[in-house]
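A closer look at the structure
The residues making up each chain are set out below.
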Amino acid sequence: MKNSVLKGALGALAVAGIAIIAKKAIQRKKFVKGIFEEYGIKEKSPFGLADKIREMDEEQYQELKGKFKKEFASKCHHRGFERKQDVAEA
């Protein structure tokens, strides 16, 4: 009995994990699609994005870079890592 309950619980947990991963992938795909539309990139590939970046001036590039950093930054903050950074800056 315990074994089947455990399998059921693990199965439900796996389904929930897959749903979360799929949701995040859809959000990121919408973000990238929005970037292509905002900057008028016709070719929907990394090469089209690279061509557009080459055409940008420094201000536009920094703005785009900030958007990508904000969207794809790790949400996991390690306290130990932050302390090491603060010590290095001082």
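Structural data are supplied above this passage.
Below is a summary of the structure that appears in this document. None of these values were measured; they are calculated from a predicted model. All residue numbers here refer to positions counted from 1 along the written sequence of the relevant chain. With the structure being a predicted model, the display of local features is reserved for residues of pLDDT at least 70 and the display and counting of side-chain atom pairs for 80 or more, all residues being used for whole-chain, interface and lining totals. Based on all heavy atoms of the structure, the side-chain values leave hydrogens and waters out of the count.

Observations regarding the overall build of the chain
What counts, and what does not: Per the convention used, a helix needs a DSSP run of H or I reaching at least four residues, while a strand needs a run of E reaching at least two, with both numbered from the N terminus. Each residue is assigned to one of three classes by its accessible area relative to the maximum for its type, calculated with a 1.4 Å probe on protein chains only: buried under 20%, partly exposed between the two thresholds, exposed over 50%. Contacts between residues were defined by any pair of non-hydrogen atoms, one from each residue, lying within 4.5 Å.
Within the chain one finds four helices and zero strands. Sequence-ordered secondary structure for the chain, helices as α and strands as β, is α-α-α-α. Each of the 90 residues in the chain was classed as buried or not, and the buried ones make up 11%. The long-range share in the chain, meaning contacts at least 24 apart out of those at least 6 apart in sequence, stands at 48%.

Re the packing of aromatic side chains
To be explicit about the condition: When the centres of two rings from Phe, Tyr and Trp lie within 6.5 Å, Trp using its six-membered ring, the rings pair. Their planes under 30 degrees apart give stacked, over 60 give edge-to-face, and anything left gives tilted.
One pass over the structure, following the stated rule, counts one aromatic pair. Measuring from centroid to centroid gives 5.4 Å for Phe 31 and Phe 68, while their planes differ by 90°, and the two rings are edge-to-face. On the criterion of sequence distance, the pair formed by Phe 31 in helix α1 (residues 2–38) and Phe 68 in helix α3 (residues 58–72) is long-range, its members being 37 residues apart. Look at Phe 31 and you get buried, because its relative accessible area is 18%.

Some words on α1
Heads up, the condition is: Under the convention used throughout, the expected extent of a helix is 1.5 Å for every residue step, that is, one less than its residue count.
Helix length check: α1 (37 residues) gives 54 Å between terminal C-alpha atoms against 54 Å at 1.5 Å per residue, within 8%. Burial in α1 covers these residues: Phe 31, Ile 35 and Phe 36. Its buried side turned inward, α1 meets α2 (46–55) and α3. Gly 40, located one to two residues past α1, shows a positive phi value of around 65°.

Some words on the pattern of salt bridges
For side chains bearing opposite charge, pairing can occur when the charged atoms are close. We count it as follows: Salt-bridge detection follows one rule: a side-chain nitrogen of Lys or Arg within 4 Å of a carboxyl oxygen of Asp or Glu.
Scanning the model with the defined rule gives three salt bridges in all. A salt bridge links Glu 38 to Lys 67; the shortest N-O distance between them is 2.4 Å. Taken together, the residues span a long stretch of sequence, with Glu 38 in helix α1 and Lys 67 in helix α3 at a distance of 29 residues. Of the residues examined, Lys 67 reaches a relative accessible area of 24% and is grouped as partly exposed.

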